[in-house]
Amino acid sequence: MIPIIVVTVLVTLALVTQGGVFVLERLHSAAGKRIHVTGAALNVVELGPRDAPGPPVVLLHGASSNLEAMRRPLGDLLAKHRRVILIDRPGHGFSLRDHVMDSTPAIQAKMIDEALEKLDSGPVILVAHSLAGALGARMALDYPNRVAGLVMLAPVTHPWFGGVGWYNKAVATPVIGQLIAYTITLPLGVLLADRSARSVFLPQAMPENFVKDSATLLLLRPREFLANARDLVTLKQAVAEQAPLYSAIKAPVTVIAGDADKTVSTSIHSRPFAATVPNAKLIVLPGIGHMIQNAAPDVVVSEIEAMAERFGQGRAAAVAR
């Protein structure tokens, strides 16, 4: 009798999940264009004038989110004067990846570089938030001609004490993970999403309607939740492998972090990264938490503009010689 009840509950939850996916993907439809690359199909949104002077600005979102988390206010502000390229990381938002195991910064950096080549972007200023900091650093190492400058917002760059939480480990486990993702994740996540999002913004307040406006609930779709969990559980080993290489980064780097960030420790990540990279500038904002792009967008935009200006001056000097 008990097995029948369990099976009935699981089937019901699976049906609820599929219905939820249907609703979510109609509430939040893909706004960009799909770029096919090796191992993935990336959703890309371009803002601003395509022929704007200076390098395009590429915005990369962190874990448990999609490109909408970088569009407002940062992307919209930059698009007034710059070509802006927003990308759903592989497996997130409306980007697909062929294999959930393709979770490391090295693999995803290759996919994004290939997409930028197809977009004819040339060198770009790469702006990476949180988990994407590891991806931005990897791109600066592996594709130095692509990265004209790197702006890191509360980045993950180094191994840390502890793990990523039992839930993500469980979801990244074969069979068990699929069972969890296709049954309880979406109905439970809908109940917890607002509170979880608010905790990431602390000590700042979360913007009104952020969960809706940023399409955060798309994360709860099984395929994306599995990809996100895999990204998180493989991240620590990935940054442990690439951290000794950071001194080889040639691009100018600006790191912006908050001293009140409880999600990604500024002392473990931002400070050592800035101390290792040869041409790095560190800005630590007092009283600011993890969501730098929302808490201090003017600071971020100012640093991006300054980096673009330096790039232009460098190009002009090279031509003059």
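Look up a bit, the structure's there.
Just so it is clear, the model here is predicted, and its values are computed rather than measured.

Now for the overall build of the protein chain. Tallying secondary structure elements over the protein chain gives twelve helices and nine strands in all. In terms of overall size, the protein chain behaves like a compact globule, its C-alpha atoms giving a radius of gyration of 20 Å where 321 residues would be expected to give roughly 20 Å. Overall, the C-alpha framework of the protein chain stretches about 80 × 40 × 35 Å when taken along its three principal axes. Expressed as a percentage of the 321 residues in the protein chain, the buried residues total 52%. In the protein chain, once contacts between residues fewer than 6 apart in sequence are set aside, the share between residues at least 24 apart is 80%. Working note: accessible area of the protein chain is about 14,300 Å², and carbon and sulfur atoms make up 61% of it.

Moving on to the side chain of Q242. Examined against the element boundaries, Q242 turns out to sit in helix 9 (residues 222-242). For Q242, a relative accessible area of 1% gives the class buried.

What follows deals with the pairing of strand 4 (residues 84-87). By the alternation rule, side chains of strand 4 split into V84 and L86 and I85 and I87, which are all buried. Where strand 3 (residues 57-60) lies against strand 4, four bridges are found, and the strand directions are parallel. By the bridge assignment for strand 4, L59 is matched with L86. Each parallel crossover has a hand, and for strand 3 linked through helix 2 (residues 68-78) to strand 4 it is right-handed.

Further remarks concern the environment of N228. Within the fold, N228 resides in helix 9. With relative accessibility at 2%, the residue N228 sits in the buried group. With sequence-adjacent residues up to four places away left out, N228 is seen in contact with A63, S64, H92 and L219.

Core analysis: the largest hydrophobic core is formed by 44 residues, its most contacted members being L42, I87, L116, Y246, I249 and F273. If you tally residues by element for this core, the top one is helix 4 (residues 132-142), at seven residues. Among residues more than four places away in sequence, those in contact with L42 are K33, R34, I35, V37, I87, D88, P90, S95, M111, I112 and A115.

Rules and cut-offs
- Residues numbered from 1 in each chain as written.
- Predicted model: local features only at pLDDT ≥ 70, side-chain atom pairs only at ≥ 80, totals over all residues.
- Heavy atoms only, no water.
- Helix = DSSP H or I, 4+ residues; strand = E, 2+ residues; numbered from the N terminus.
- Rg over C-alpha atoms; globule rule 2.2 N^0.38 Å.
- Buried < 20%, exposed > 50% of the residue type's maximum accessible area, 1.4 Å probe, protein only.
- Contact = heavy atoms within 4.5 Å.
- Areas by Shrake-Rupley, 256 points an atom, 1.4 Å probe, with all protein chains shown as cover.
- Pairing = 2+ DSSP bridges.
- Right-handed = clockwise from strand over helix to strand, strands pointing away.
- Core = buried A, V, L, I, M, F, W, Y, C linked by side-chain atoms within 4.5 Å.

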